[in-house]
Amino acid sequence: MSGHSKWNNIQHRKGAQDKKRAKLFTKFGRELTIAAKEGGGDPNFNPRLRLAIEKAKAGNMPKDILERAIKKGSGELEGVDFTEMRYEGYGPAGTAFIVEAVTDNKNRTASEVRSVFTRKGGNLGADGAVSWMFKKKGIITVKSEGIDADEFMMAALEAGAEDVEEDDDYFEVTTEYTEFQTVLENLKNAGYQYEEAEISMIPENKVEITDLETAKKVMALYDALEDLDDSQNIYSNFDIPDEILEQLD
């Protein structure tokens, strides 16, 4: 799974911008509501909700807003009926994009996603158009400072991990998505605190972007999709070298 950290860096950079906006809390809230709707409002019996709560707390989401989002999902409070949707398409230079959205209006969201692809040099495809290029995996990142690499790798594999990579200041643990929660809980029980933990769509092959102009076009599409009100997660298979990313910054 080498290279996922670079993709994470792109998401983290975008995440830093999100924190300046209310959209981050909106994303947390929708994930909490969907998770509670799917598996109930008790995090002890709902691993997805438990992880959503941890992320919301780490993002400093106010407790009352967090609890309201859960109650809307569990039916204790009246709320908007959200639905999870996925859209797939192609961007500049043959790059593949997957957009995960949470919406209360499928027609509106589909229209907005299609419009962004068209305006930014891509095209929206049918279901399954690009998802075959990706594998669904669990990704857990742990800060490596003060941790013995050999001991951690052994602990992660014993916890059920599929692979472990060390990249810069982090260990990146890859799991089968069906084993994600088990591995995460096992690592926590072994005394390791995670920095990031998520189910992600990992590209099997990447499209290397070698020039600045193409990188600008690809990132313009990524940013526009990310900025849509209903977008929850964006995945792509582009690979932009660090030296070009720095010019984009």
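Procedures and definitions
- Along every chain, residues carry numbers that run from 1 in the direction the sequence is written.
- With pLDDT at 70 or above as the cut-off, local features in this predicted model cover only qualifying residues; side-chain atom pairs require 80 or more to be listed or tallied, and sums for whole chains, interfaces and linings still use all residues.
- Note that water and hydrogens are dropped before the side-chain values are worked out from all heavy atoms of the structure.
- UniProt positions are given in the numbering used here, feature names are shortened, and annotations may be inferred rather than shown by experiment.
- Under the scheme used here, helices are H or I runs from DSSP no shorter than 4 residues and strands are E runs no shorter than 2 residues, and both carry numbers assigned from the N terminus.
- Pairing of aromatic side chains requires ring centres within 6.5 Å, counting the rings of Phe and Tyr and the six-membered ring of Trp. Pairs whose planes differ by under 30 degrees are stacked, by over 60 edge-to-face, and all others tilted.
- For every residue, the accessible area (1.4 Å probe, protein chains only) is compared with the maximum for its type, and the residue is labelled buried under 20%, exposed over 50%, or partly exposed between those bounds.
- When DSSP locates at least two bridges between a pair of strands, those strands are taken to pair.
- Axes here refer to lines fitted to C-alpha atoms; in helices the fit is confined to the stretch in contact. Angles between the N-to-C directions go from 0 to 180 degrees.
- Whether two residues are in contact is decided by their heavy atoms, any of which lying within 4.5 Å being enough.

With that out of the way, let us pick up the UniProt feature "domain: TACO1/YebC-like second and third" (unreviewed entry) in the protein chain. Feature annotation in UniProt assigns "domain: TACO1/YebC-like second and third" (unreviewed entry) to the following positions: residues 83-238. For the annotated span residues 83-238, helix accounts for 32% and strand for 37% of the residues, and the straight-line distance between the end C-alpha atoms is 28 Å.

Now for the packing of aromatic side chains. Under the criterion given, the structure shown has five aromatic pairs. Measuring from ring centre to ring centre gives 6.4 Å for Phe97 and Phe117, while their planes differ by 85 degrees; the resulting arrangement is edge-to-face. Here Phe97, found in strand S2 (residues 96-103), pairs with Phe117, found in helix H5 (residues 106-119); they are 20 residues apart in sequence, far enough to count as distant. On the basis of relative accessible area, Phe97 is assigned to the buried category, the value being 0%. Accessibility expressed as a relative area gives 0% for Phe117, which makes it buried.

This paragraph deals with the sheet that holds strand S7 (residues 196-203). With respect to topology, four strands assemble into an open sheet ordered S5-S6-S4-S7, the strand pairing being antiparallel. The outermost strands of the open sheet, each flanked by one partner alone, are strand S5 (163-167) and S7. If you compare each strand with its neighbour and ignore which way they point, the axes differ by 30 degrees on average. Judged from the five bridges that link them, S5 and strand S6 (residues 170-176) form a sheet pairing that is antiparallel. The partner of Asp167 across the bridge, within S6, is Tyr170. Taken strand by strand, helix H6 (residues 149-158) contacts strand S4 (134-143), S5 and S6, and its axis lies near 150 degrees from that of S5. Docked against the sheet, helix H7 (residues 180-189) engages S4, S6 and S7, running at close to 10 degrees with respect to S4.

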